[in-house]
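Okay, here's what each chain looks like letter by letter:
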Amino acid sequence: MPPATFLTPSNTFFRFLYSSTTMPSPCVLWFRGGDLRTHDNAALNAAAASGRPILPIYIHSTDFVPDEVTEHSAAAVWLQAALADVSASIVALAGVGDANVGLRFFKAEPGSGAAGVVSELLRVCASVSEGGGPVPVYFNRRYEPESEHLVKLLQQRIAAAGRPISLHSFPGYLLFEPDAVISQITKDGKDSGGWRGHWGTLMPFVTSCKAIPGGGGKTLPSRPPSAPLNVLHVSATLEKAIG
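Residues numbered from 1 in each chain as written. Predicted model: local features only at pLDDT ≥ 70, side-chain atom pairs only at ≥ 80, totals over all residues. Heavy atoms only, no water.

Caption draft 1: Region of interest: the packing of helix 3 (residues 113-128) against helix 4 (residues 145-161). At their nearest, the axes of helix 3 and helix 4 sit 9 Å apart, and the two run at 50° to each other. On the basis of their axis angle, the class for helix 3 and helix 4 is oblique. You can see that helix 3 and helix 4 cross each other, and the crossing is right-handed. Residue-level inspection shows Ala114, Ala115, Val117, Val118, Ser119, Leu121 and Leu122 of helix 3 in contact with helix 4, the latter providing His149, Leu150, Leu153, Leu154, Arg157 and Ile158. (Axes fitted to C-alpha atoms, helices over the stretch in contact; angles between N-to-C directions. Helix = DSSP H or I, 4+ residues; strand = E, 2+ residues; numbered from the N terminus. Parallel < 35°, antiparallel > 145°, perpendicular 65-115°, else oblique. Left-handed = near helix turned anticlockwise from the far one by under 90°. Contact = heavy atoms within 4.5 Å.)

Written out as structure tokens, the structure reads:
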């Protein structure tokens, strides 16, 4: 069996090379639905800066897609096209012309909820761990309650099993983290930079964002087998179109 290939940082570019005798054990870059991009991706940048080979993955779960993502729907076509696009972007970053080095796709058991996604992620981590060594997992934060619950469940499962997996979460697609804005809004005192006006306008939120340091103007900074994208059955319409 040929050696596994991983996304590996090389200066400001990326290349896919992996040899267990010359490189550290890989890290996992977990792409989550709704935040499928390689540009302006804090988790990707941190994974690259780690110096480890990178395994980019996407775990599909029917329990973690919007209700409008149904078979033949426009939302399903968009999701499948977005997954194909981000995979192609990773291949382009690798610069080796090998489609096999793109995003790796996995599928949670239908109806298994957060537990199914967690189980699949832990299975992937176990498969790439060199001799039981540590596996860092990098991902961007999502803010829906069910997504926050998923990460808490993942933390609990890792702690209970005593697995050498470290989680590294980064700000996602928002300019300001909700906790920081809420903290600023709820400060005591009318002139504290928090509450001003009434909730019928956007200004209390804007004022609180500006009061956050830097808020005046902020710029966001062995390989397991992958299931084919069409096996996820995200969109039968697109699968038929692309053959």
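Caption draft 2: Examining the pairing of strand 6 (residues 135-140) more closely. Counting buried residues in strand 6 gives 6 out of 6 residues, a clear majority hidden from the surface. Of the two faces of strand 6, the one carrying Val135, Val137 and Phe139 and the one carrying Pro136, Tyr138 and Asn140 are both buried. Where strand 3 (residues 27-31) and strand 6 come together, 3 bridges link them in parallel fashion. Looking across to strand 6, one finds that Trp30 is bridged to Phe139. In this structure, strand 6 lies alongside strand 7 (residues 165-170), joined through 6 bridges in parallel fashion. Considered in strand 7, the bridge of Pro136 is made with Ser166. Note on the crossover from strand 6 through helix 4 to strand 7: the handedness is right-handed. (Buried < 20%, exposed > 50% of the residue type's maximum accessible area, 1.4 Å probe, protein only. Pairing = 2+ DSSP bridges. Right-handed = clockwise from strand over helix to strand, strands pointing away.)

Caption draft 3: Spatial organisation of the nonpolar core. Counting 24 residues, the largest nonpolar core has Val28, Trp30, Ile57, Ile59 and Leu121 as the members making the most contacts within it. At the level of elements, strand 3, strand 4 (54-60), helix 3, strand 6 and helix 4 are the ones that each hand at least two residues to this core. The residues contacting Ile59, other than those within four sequence positions of it, are Trp30, Phe31, Phe106, Ala108, Val117, Glu120 and Leu121. With 21 residues, the next largest nonpolar core counts Cys27, Leu29, Val65 and Val86 among its residues. (Core = buried A, V, L, I, M, F, W, Y, C linked by side-chain atoms within 4.5 Å.)

Caption draft 4: Spatial organisation of the environment of Ala84. By the secondary structure assignment, Ala84 is in helix 2 (residues 74-94). The exposure class of Ala84 is partly exposed, given its relative accessible area of 37%. Sequence separation between Ala84 and Gly102 is 18 residues, and the spatial gap between their C-alpha atoms is 9.1 Å.

Caption draft 5: How the structure looks around the pattern of salt bridges. Considering all chains together, one arrives at 6 salt bridges under this definition. Residue Arg141 pairs with Glu148 through a salt bridge whose shortest N-O separation is 2.9 Å. Under the relative-accessibility criterion, Arg141 is labelled buried at 15%. Owing to a relative accessible area of 26%, Glu148 belongs among the partly exposed residues under this scheme. Among the charged side chains, a network of salt bridges with common partners joins Asp35, Arg37 and Asp40. (Salt bridge = Lys/Arg side-chain N within 4 Å of Asp/Glu carboxyl O.)

Caption draft 6: Structural view of unusual backbone geometry. Although it is not a glycine, Asp40 sits at a positive phi angle of roughly 50°. As for its position among the elements, Asp40 is in the loop between strand 3 and helix 1 (42-49).

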